[in-house]
Amino acid sequence: MKPCYFKTLYPTLITASLLAAFSASASQTWPDLPQGVKNGVGAQVDSKVYVGLGSLGQDFYMLDLEQLDKGWQKQAQFTGPARDGATASVIGDDIYIFGGSGKADAKAKSPVIFDTVYRFNSKDNSWSRMNTTAPVGLLGAASYSPDNQQVVFFGGYNKPLFDQYLSDILTTDQKAEPKKWQKIVDDYMGLKPADYQWNRQVLSFNPATNQWQELGSSPYLPNCGAALVTDKQNALLISGEIKPGLRTDEVKTYQFGQSQPWVSEHPLPTPESQPLQEGVAGAFAGVSNGAVIVAGGANFHGAKHAFDKGNMFAHNGLPKAFNAETYVFKDGAWKQGNDLAEGVAYGLSFTLPEGVLIVGGEKADKSASTKVAMLTWDGKQVEQQD
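Residues numbered from 1 in each chain as written. Predicted model: local features only at pLDDT ≥ 70, side-chain atom pairs only at ≥ 80, totals over all residues. Heavy atoms only, no water.

Novice: Can you break down the nonpolar core residue by residue, with the values?
Specialist: One finds Val 51, Trp 72, Phe 350, Leu 357 and Val 359 to be the most contacted residues of the largest nonpolar core, which totals 18 residues. Taken together, the elements giving at least two residues each to this core come down to strand S2 (48–52), strand S3 (60–64), strand S27 (348–352), strand S28 (355–359) and strand S30 (372–377). Here the element with the most residues in this core is S27; it accounts for 3 residues. Non-local contacts of Val 359, meaning those with residues more than four positions away in its chain, are made with Leu 33, Val 37, Val 51, Trp 72, Phe 284, Gly 347, Leu 348, Phe 350, Lys 371 and Val 372. (Core = buried A, V, L, I, M, F, W, Y, C linked by side-chain atoms within 4.5 Å. Buried < 20%, exposed > 50% of the residue type's maximum accessible area, 1.4 Å probe, protein only. Helix = DSSP H or I, 4+ residues; strand = E, 2+ residues; numbered from the N terminus. Contact = heavy atoms within 4.5 Å.)

Novice: So, empty space enclosed by the protein: which residues are in play, and what are the values?
Specialist: Taken as a whole, this structure holds 2 cavities of 30 Å³ or more when the rule is applied. Computed from the structure, the largest cavity encloses a volume of approximately 120 Å³. Around the largest cavity, the lining is made up of 18 residues, and of these Phe 154, Gly 155, Ser 218, Pro 222 and Asn 223 lie nearest the centre. Of all the elements in the fold, those that place two or more residues in the lining of the largest cavity are strand S11 (151–154) and strand S12 (201–206). Broken down by class, the residue content of the lining of the largest cavity amounts to 10 nonpolar, 6 polar and 2 charged. Taken as a whole, the second largest cavity spans an internal volume of roughly 80 Å³. Residue composition of the lining of the second largest cavity, grouped by class: 4 nonpolar, 6 polar and 2 charged. (1 Å grid on protein atoms, 1.4 Å probe; cavity = no way out; pocket = protein on both sides within 12 Å on 5 of 7 lines; lining within 4 Å. Points joined across faces, edges and corners; volume = space filled by probe spheres on them. Nonpolar A, V, L, I, M, F, W, Y, C, P; charged D, E, K, R; others polar.)

Right, dumping it as structure tokens:
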């Protein structure tokens, strides 16, 4: 297929006052979070960015980009059960939260994938639960609104299969029954990618009508933990998992409303430090000076080689790598940029007038980062301003 290059990449909802605020604050230090966040959600409403859930539990924070001196301000607590790996999208002044995994209540023996939907009203700082349930598991899904009316979803774990696996593994005593416990892990991790039955349908949810709709099937293996960059109605999906522990280097464009919406782009390039590109999950991504920046992300070095040799439990025995590499997509081609200050994954990122704001993430020691920084592309390298 003919590549669909993102020729005019820019964030939505950039107001004149926001641009003025950035020109005045370009030299300021970005305020760090009061608590670290990983596996959470992030969303932007006009000049305010929000992060929460994940390692923050039910906490939710807001940073006003026009009043950076106020730092991150705590908002009303999320009223649903705490969750990791949810996805958030904005319509109007409202933030909608979908999916994620966590315990339904304190007495639950194992987490489940949530099918509930919550709405955060940014005008009155309040939460409400929507009267709907997601038709598929949306843990690890990517989402965006192409028209400020509906939310479109890509990927997501299979709820029945994953719920059963978590129940089996967490209700089996590893010390008392080590063989049984290991068999549960081996059987699940040894499945072929298609056997996980992740969500392959592109789904749409319209809050005004409370209706879900299927927009067609993806021709690719479904991804979880993919990075997403949007340009008006189009979405660029970058890498992500194709099964637990195994990533893909694929990059593709989804063109909302087109009869043939999918276009293959060039894959992520092989990093200078590795023999091949494993792909990454939980990477930061956004746009600076007309270029897509992809930064960080986690993978297992050696998993792709093992998988290509027929080992379905491809990451067995491999340590998880938290990468510092950056990649830049400009004029339809990728190049590797200079590294981040440290390897990090599963944080939040926002495309702003000045560049890509990255927030939090998981570090190599498994801790949740409080760090906030701006990434910019100057035509030669990726600069990181803390």
